[in-house]
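Each chain, letter by letter, is given below.
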Amino acid sequence: MLRAVWLRGAAALALLLAARVVAAFEPITVGLAIGAASAITGYLSYNDIYCRFAECCREERPLNASALKLDLEEKLFGQHLATEVIFKALTGFRNNKNPKKPLTLSLHGWAGTGKNFVSQIVAENLHPKGLKSNFVHLFVSTLHFPHEQKIKLYQDQLQKWIRGNVSACANSVFIFDEMDKLHPGIIDAIKPFLDYYEQVDGVSYRKAIFIFLSNAGGDLITKTALDFWRAGRKREDIQLKDLEPVLSVGVFNNKHSGLWHSGLIDKNLIDYFIPFLPLEYRHVKMCVRAEMRARGSAIDEDIVTRVAEEMTFFPRDEKIYSDKGCKTVQSRLDFH
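- Looking up the chain in an unreviewed UniProt entry gives the name Torsin, with the organism given as Gorilla gorilla gorilla.
- You can read under Sequence similarities (unreviewed entry) in the UniProt record for the chain the words "Belongs to the ClpA/ClpB family. Torsin subfamily."
- Word for word, the UniProt comment on the chain under Catalytic activity (unreviewed entry) is "ATP + H2O = ADP + phosphate + H(+)".

**Observations concerning the confidence of the model for the chain**
- Confidence in the prediction for the chain averages 88 pLDDT; 86% of positions are at 70 or higher.
- Contacts of residues 15–28 to residues separated by more than four positions or lying in other chains number 14 contacts, the stretch itself having pLDDT below 50.

**Structural notes on helix 13 (residues 281–294)**
- The terminal C-alpha atoms of helix 13 lie 20 Å apart, and with 14 residues this matches the ideal 20 Å at 1.5 Å per residue to within 8%.
- Looking only at helix 13, the buried set comprises H283, V284, K285, C287, V288, E291 and M292.
- The inward-facing, buried residues of helix 13 contact helix 14 (301–310), strand 6 (313–314), strand 7 (321–322) and helix 15 (329–333).
- Within two residues after helix 13, G296 carries a phi angle of roughly 80 degrees, on the positive side.

**Things to note about the packing of helix 10 (residues 218–230) against helix 11 (residues 240–252)**
- Where helix 10 contacts helix 11, the two axes come as close as 10 Å, and the packing angle between them is 150 degrees. Relative to helix 11, the element helix 10 lies roughly antiparallel. Seen along the crossing, helix 10 lies across helix 11 with a hand that is right-handed. From helix 10, L220, I221, T224 and F228 reach across to helix 11, where they touch D242, L243, V246, L247 and G250.
- Of the residues that constitute the contact of helix 10 with helix 11, the class distribution is six nonpolar, two polar and one charged.

**Topic: the pairing of strand 1 (residues 103–108)**
- Within strand 1, six of the six residues are buried, which leaves it mostly tucked inside the rest of the structure.
- Neither face of strand 1 is left uncovered, since the one carrying L103, L105 and L107 and the one carrying T104, S106 and H108 both have all their residues buried.
- As paired strands, strand 1 and strand 5 (residues 272–275) are joined by four bridges and run parallel to one another. By the bridge assignment, L107 is partnered in strand 5 with I274.

**Re the packing of helix 4 (residues 65–75) against helix 5 (residues 80–95)**
- At their nearest, the axes of helix 4 and helix 5 sit 10 Å apart, and the two run at 165 degrees to each other. Judged by the angle between their axes, helix 4 and helix 5 are roughly antiparallel. Every pair of crossing elements has a handedness; the one defined by helix 4 and helix 5 is right-handed. In this structure, helix 4 contributes A65, L68, K69, L72 and E73 to the contact, and helix 5 contributes T83, I86, F87, L90 and T91.
- Per-class residue counts for the contact of helix 4 with helix 5 are six nonpolar, two polar and two charged.

What counts and how
Residues numbered from 1 in each chain as written. Predicted model: local features only at pLDDT ≥ 70, side-chain atom pairs only at ≥ 80, totals over all residues. Heavy atoms only, no water. UniProt positions renumbered as here; feature names shortened; annotations may be inferred. pLDDT = per-residue confidence, 0-100. Contact = heavy atoms within 4.5 Å. Helix = DSSP H or I, 4+ residues; strand = E, 2+ residues; numbered from the N terminus. Expected span 1.5 Å × (residues − 1). Buried < 20%, exposed > 50% of the residue type's maximum accessible area, 1.4 Å probe, protein only. Axes fitted to C-alpha atoms, helices over the stretch in contact; angles between N-to-C directions. Parallel < 35°, antiparallel > 145°, perpendicular 65-115°, else oblique. Left-handed = near helix turned anticlockwise from the far one by under 90°. Nonpolar A, V, L, I, M, F, W, Y, C, P; charged D, E, K, R; others polar. Pairing = 2+ DSSP bridges.

Below is the structure:
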């Protein structure tokens with residue numbers, strides 16, 4: 001009995017491996033091979049077998065809310081607002097079987113505060129391969145859109161890329177890094193995809209997710225955080241309502257935000273402006289410990305303290321916030 005099951009599995013695997021070799025040339029062969037494998041095993045569907053050997057876009061795959069919450073709470077330091085808003089936004093969006101528009105998040109704050117890191121957490125919780133997934137797309141302004149004189153070309157390419165990938169996977173995720181370095185007008189090319197349309201040219205974008213990462217607004221966020229600190233209030237007392245309206249207006253009027261006078265803001269197509277607060281000394285130490293654990297090293301508090309003390313802090317008199325957040329923790333830890 002066991003031998004028969006083993007032989008069926010081996011035969012199915014052989015057929016599938018053969019199919020993958022010729023898949024680029026003969027897509028029909030893949031179907032025939034998987035069909036044969038299904039017949040041999042007797043219980044696996046076409047999709048079940050195919051998705052064991054290739055990444056599939058599973059629209060019915062539920063979001064593990066507990067895992068997402070744990071990742072945000074244990075890996076993201078000093079960002080109570082981002083943790084709460086991102087968790088609620090993602091779980092609410094994914095639990096909605098019929099969203100009226102794509103989820104669009106705009107993350108703001110100085111470098112090293114966790115924007116890129118949290119986008120990685122989000123990607124990994126939505127698609128198992130994370131940033132390496134075929135359904136997660138990262139755009140870096142200085143790399144993908146470097147020339148101001150090619151704005152029209154970039155807009156056309158961006159529209160085609162998003163249309164093609166959402167057609168292939170409705171749950172696609174698009175991350176735009178360095179928005180503050182993006183030439184004004186480029187991002188407005190995707191406005192139709194973010195709006196409340198059921199379809200655009202036969203494609204529905206309502207289940208896609210768009211995430212913008214930007215340093216723009218970092219000064220506004222720091223000012224609010226400092227005001228709370230100088231008033232003797234805890235940073236955890238800062239609420240989204242204290243920052244989101246200021247952020248949206250500030251970014252809209254900032255020529256170097258990538259969203260200057262953008263229709264995305266004007267038409268209220270960005271669902272949440274999420275502030276990332278500047279990190280304090282204690283948060284830097286948390287980052288050092290996390291990096292040591294990631295390297296498999298024992299936590300040495302003397303080294304943790306030395307690395308944290310090598311960072312520079314601002315304002316000049318109070319020295320509360322790390323001017324690079326946790327961005328240089330990895331390289332500084334290499335010296336210890």
